[in-house]
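Listed below, chain by chain, are the residues.
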Amino acid sequence: MWLLVALPAVAAVLLAFAYVRARRAHTRALEERGWLLERERETAAQSAVDAERARIAHDLHDIVSHNVSVMVIQTGAARQVLATAPEDAEAALLAVEAAGRDTMAELRHLLGVLAPKGDDDTLSPQPSLTRLTELIDRMAFAGLAVDVRISGDPCPLPTGLDVTAYRVIQEALTNALRHGDGVKAEVTVRYASHALRVEVLNTGPSVLTGGRPPVPEGDGRGLLGLKQRVAVYGGQFDARRRLGGGYRVRAKLPLERP
């Protein structure tokens with residue numbers, strides 16, 4: 001009798017054990033499949049980005065090299081006949097002017113495809129840390145209080161590096177205004193002997209309380225673009241949530257001092 005009673009119990013235990021193992025195997029299979037799909041998406045996205053960057057680089061090369069070559073040739077011709085044939089020199093300079101205008105139009109058309117929608121196409125002063133006050137004023141007018149701290153010995157910066165530092169601050173403050181709690185942000189610019197450091201902190205929900213992230217993680221194209229900008233100059237870029245709440249964006253850009 002005890003065998004008749006024990007056998008069903010043992011069978012039930014074995015079935016339960018087999019069921020648990022099957023569920024675990026099924027869960028692992030789903031996780032592996034999800035991981036593989038995510039890797040495939042990342043690979044496809046990276047391939048698309050690389051292909052587009054190669055296409056843009058090729059187009060820029062063709063546009064710039066062709067038109068600059070024309071400008072160099074025509075300028076040389078104008079220089080040779082400037083004293084003896086002013087009319088020919090004038091025609092050559094007009095050709096240079098036309099080539100320059102064509103280059104600007106082509107570049108504006110090509111780069112306009114990459115610019116975010118809604119950007120102003122009119123000419124404006126180049127972004128620079130010297131214009132940081134204007135940016136802070138615009139943020140304050142929009143409702144975001146910003147404290148600015150500048151340390152070290154400010155020095156003239158290469159144009160591209162200067163623009164990159166400005167864009168880091170601009171993007172971080174824009175994200176703070178859109179996705180943070182809109183209360184406060186802090187901007188720190190440090191001039192050191194061999195590097196320029198930029199940091200932007202803003203208030204927002206804390207990760208400890210499970211609050212909503214102040215900036216969408218993983219799909220922030222602006223932050224990815226900044227990382228690429230900083231990498232062009234051999235710098236370091238980091239953007240992440242703060243344990244105490246809010247977001248932190250940091251960039252370190254190497255400086256070459258004489």
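All figures in this text were calculated on a predicted structure; none of them were measured in a lab.

Comments concerning the overall build of the protein chain
- In terms of helices and strands, the protein chain carries five helices and five strands.
- Helices and strands appear in the protein chain in the N-to-C order α-α-α-β-α-β-β-α-β-β.
- Surface exposure of the protein chain reaches about 17700 Å², of which carbon and sulfur atoms provide 59%.

A few points about the pairing of strand β3 (residues 195-202)
- Taken across its eight residues, β3 has seven buried, putting it largely inside the fold.
- If you look at the hairpin formed by strand β2 (residues 184-191) and β3, you'll find three residues sitting between the two strands.
- Across eight bridges, the pairing between β3 and strand β5 (residues 247-254) is antiparallel. Note on β5: the bridge partner recorded for V198 is A251.

Here's the deal with the environment of E171
- Mapping E171 onto the fold places it in helix α4 (residues 159-179).
- The exposure class assigned to E171 is partly exposed, which follows from its relative accessible area of 24%.
- In this structure, the C-alpha to C-alpha distance between E171 and L226, residues 55 residues apart in sequence, is 8.2 Å.
- If we ignore the near neighbours within four places in the chain, the residues touching E171 are G222, L223 and L226.

Some thoughts on the side chain of T188
- Tracing the sequence through the fold places T188 in strand β2.
- When residues no more than four places from it in sequence are discounted, the contact partners of T188 are R149, R197, V198 and E199.

Points about the pairing of β5
- Here six bridges tie strand β4 (residues 236-241) to β5, and the two strands are oriented antiparallel to one another. Along β5, the bridge assignment pairs A239 with V249.
- The turn joining β4 and β5, which pair antiparallel and follow one another in sequence, is formed by five residues; a positive phi near 115 degrees is taken by G245.

A look at the pattern of salt bridges
- Tallied over the entire structure, the rule returns seven salt bridges.
- Put simply, R41 and E38 hold a salt bridge, and the shortest N to O gap is 2.6 Å. You can see R41 and its partner E38 sitting in helix α1 (residues 2-81), three residues apart, about one turn around the helix.
- Given the relative accessible area of 35%, E38 is considered partly exposed.
- Residue K184 pairs with E186 through a salt bridge whose shortest N-O separation is 4.0 Å.

Quick word on the nonpolar core
- L129, I169, L173 and L196 are the most contacted members of the largest nonpolar core, which totals 32 residues.
- The set of elements that each furnish at least two residues to this core consists of α3 (132-142), α4, β2, β3, α5 (221-232) and β5.
- The element best represented in this core is α4, accounting for eight residues.

Quick word on a nonpolar patch on the surface
- Nonpolar side chains collect at one region of the surface, where V64, V68 and V72 lie side by side and expose about 220 Å² of accessible area between them.
- One can find V68 in helix α1.

Some details on the sheet that holds β4
- Across the sheet, which stays open at both edges, the five strands sit in the order β1-β2-β3-β5-β4 with mixed pairing between neighbours. At either end of the open sheet lies a strand with only one pairing partner, and these are β1 (145-152) and β4. Geometrically, the sheet is characterised by an average inter-axis angle of 10 degrees between neighbouring strands, direction not taken into account.
- In this structure, β2 lies alongside β3, joined through seven bridges in antiparallel fashion. Across the sheet, E186 pairs through a bridge with L201, a residue of β3.

Thoughts on α3
- Within α3, the full set of buried residues consists of L132, L135, I136 and M139. The buried residues of α3 occupy one face: seen down the axis, they fall within an arc of 95 degrees. In α3, the exposed positions angled more than 90 degrees off the buried face are occupied by T133 and F141.
- Tucked inside the fold, the buried residues of α3 contact β1, α4 and β2.
- Downstream of α3 by one or two residues, G143 has phi in the positive range, about 115 degrees.

Reading the values: rules and limits
- Residues numbered from 1 in each chain as written.
- Predicted model: local features only at pLDDT ≥ 70, side-chain atom pairs only at ≥ 80, totals over all residues.
- Heavy atoms only, no water.
- Helix = DSSP H or I, 4+ residues; strand = E, 2+ residues; numbered from the N terminus.
- Areas by Shrake-Rupley, 256 points an atom, 1.4 Å probe, with all protein chains shown as cover.
- Buried < 20%, exposed > 50% of the residue type's maximum accessible area, 1.4 Å probe, protein only.
- Pairing = 2+ DSSP bridges.
- Contact = heavy atoms within 4.5 Å.
- Salt bridge = Lys/Arg side-chain N within 4 Å of Asp/Glu carboxyl O.
- Core = buried A, V, L, I, M, F, W, Y, C linked by side-chain atoms within 4.5 Å.
- Patch = residues over 30% accessible without salt bridge, like charges linked within 9 Å, V, L, I, M, F, W, Y side chains within 5 Å.
- Axes fitted to C-alpha atoms, helices over the stretch in contact; angles between N-to-C directions.
- Arc of directions from axis to C-beta.

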